[in-house]
Amino acid sequence: MAMNFKISRHQNSGNLHLKLMGDFDGTSAFELINTLDHFKGYKGKIFIHTNCLNHVDSFGKELFKKKNSGAKTLSIIFTGEHAADISPENVRL
């Protein structure tokens, strides 16, 4: 369990920004999934910024890709160094 993982969020111009910080593992994947589930029905774009991730665990990224059903109904854009690592298929980078 990555004790140093944190999600910082802020909104501007109708968009939501989620900044991922620390190490991304299985627990972190569930935290991000739960955060996205909270915003089901959100009409703006959701930017997930990955530049502040130190390490992306292979289990965490696979778990997120498999369990993240909420992302299909949201307009999500992944940015940063680890965007391609954790973004599910058919999600913008």
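A quick note: this is a predicted structure, and the numbers were derived from the prediction, not measured.

J.: Break down the side chain of Asp25 for me, with residues and values.
T.: Its location among the elements puts Asp25 in the loop between β2 (15–24) and α1 (26–38). No salt bridge is formed by the buried Asp25; the nearest opposite charge belongs to Lys61, separated by 14 Å. Separated by 3.2 Å, the side chain of Asp25 and the backbone nitrogen of Thr27 make a polar contact.

J.: Quick rundown of the packing of aromatic side chains? Include the residues and the values.
T.: Under the definition given, this model contains 4 aromatic pairs. An angle of 70 degrees between the planes, with centres 5.9 Å apart, marks the rings of Phe5 and Phe24 as edge-to-face. With a gap of 19 residues between them, Phe5 in the segment before β1 (6–12) and Phe24 in strand β2 connect regions that are remote in the sequence. Between the aromatic rings of Phe24 and Phe64, the centroid separation amounts to 6.2 Å while the plane-to-plane angle is 85 degrees, which identifies the pairing as edge-to-face. With Phe24 in strand β2 and Phe64 in helix α2 (residues 58–67), this residue pair connects regions lying 40 residues apart in the sequence. Judged by its relative accessible area of 0%, Phe64 is buried. Taken together, the ring pairs in this structure connect Phe5, Phe24, Phe64 and Phe78 into an aromatic cluster.

J.: Can you break down unusual backbone geometry residue by residue, with the values?
T.: What you tend to see is this: most non-glycine residues have negative phi, and most peptide bonds are trans. We note that Ser13 has phi near 50 degrees; this positive angle belongs to a residue other than glycine. In this structure Ser13 comes out as exposed when scored by relative accessible area, which is 74%.

J.: So, the sheet that holds strand β3 (residues 45–56): which residues are in play, and what are the values?
T.: The 4 strands lie next to each other as β1-β2-β3-β4, forming an open sheet whose pairing is mixed. At either margin of the open sheet sits one strand with a lone partner, and together these are β1 and β4 (75–79). Neighbour to neighbour, the strand axes of the sheet diverge by 20 degrees on average, direction disregarded. Where β3 lies against β4, 5 bridges are found, and the strand directions are parallel. Note on β4: the bridge partner recorded for His49 is Thr79. Of the strands in this sheet, β1, β2, β3 and β4 are in contact with α1, which crosses β2 at around 170 degrees. Those strands touched by α2 are β2, β3 and β4, and its axis lies near 150 degrees from that of β2.

J.: How would you sum up the pattern of salt bridges? Please name residues and give values.
T.: According to the stated counting rule, one finds 1 salt bridge in the structure shown. Of the charged contacts, one joins Asp37 and Lys40 as a salt bridge, the two residues approaching to 3.9 Å between their closest N and O atoms. Judged by its relative accessible area of 30%, Asp37 is partly exposed.

The rules behind the values
- Residues numbered from 1 in each chain as written.
- Predicted model: local features only at pLDDT ≥ 70, side-chain atom pairs only at ≥ 80, totals over all residues.
- Heavy atoms only, no water.
- Helix = DSSP H or I, 4+ residues; strand = E, 2+ residues; numbered from the N terminus.
- Buried < 20%, exposed > 50% of the residue type's maximum accessible area, 1.4 Å probe, protein only.
- Lys, Arg positive; Asp, Glu negative; His and termini not counted.
- Salt bridge = Lys/Arg side-chain N within 4 Å of Asp/Glu carboxyl O.
- Polar contact = N/O pair within 3.5 Å; in protein donor to acceptor, adjacent residues only side chain to side chain.
- Phe/Tyr/Trp six-rings, centres within 6.5 Å; stacked < 30°, edge-to-face > 60°.
- Pairing = 2+ DSSP bridges.
- Axes fitted to C-alpha atoms, helices over the stretch in contact; angles between N-to-C directions.
- Contact = heavy atoms within 4.5 Å.

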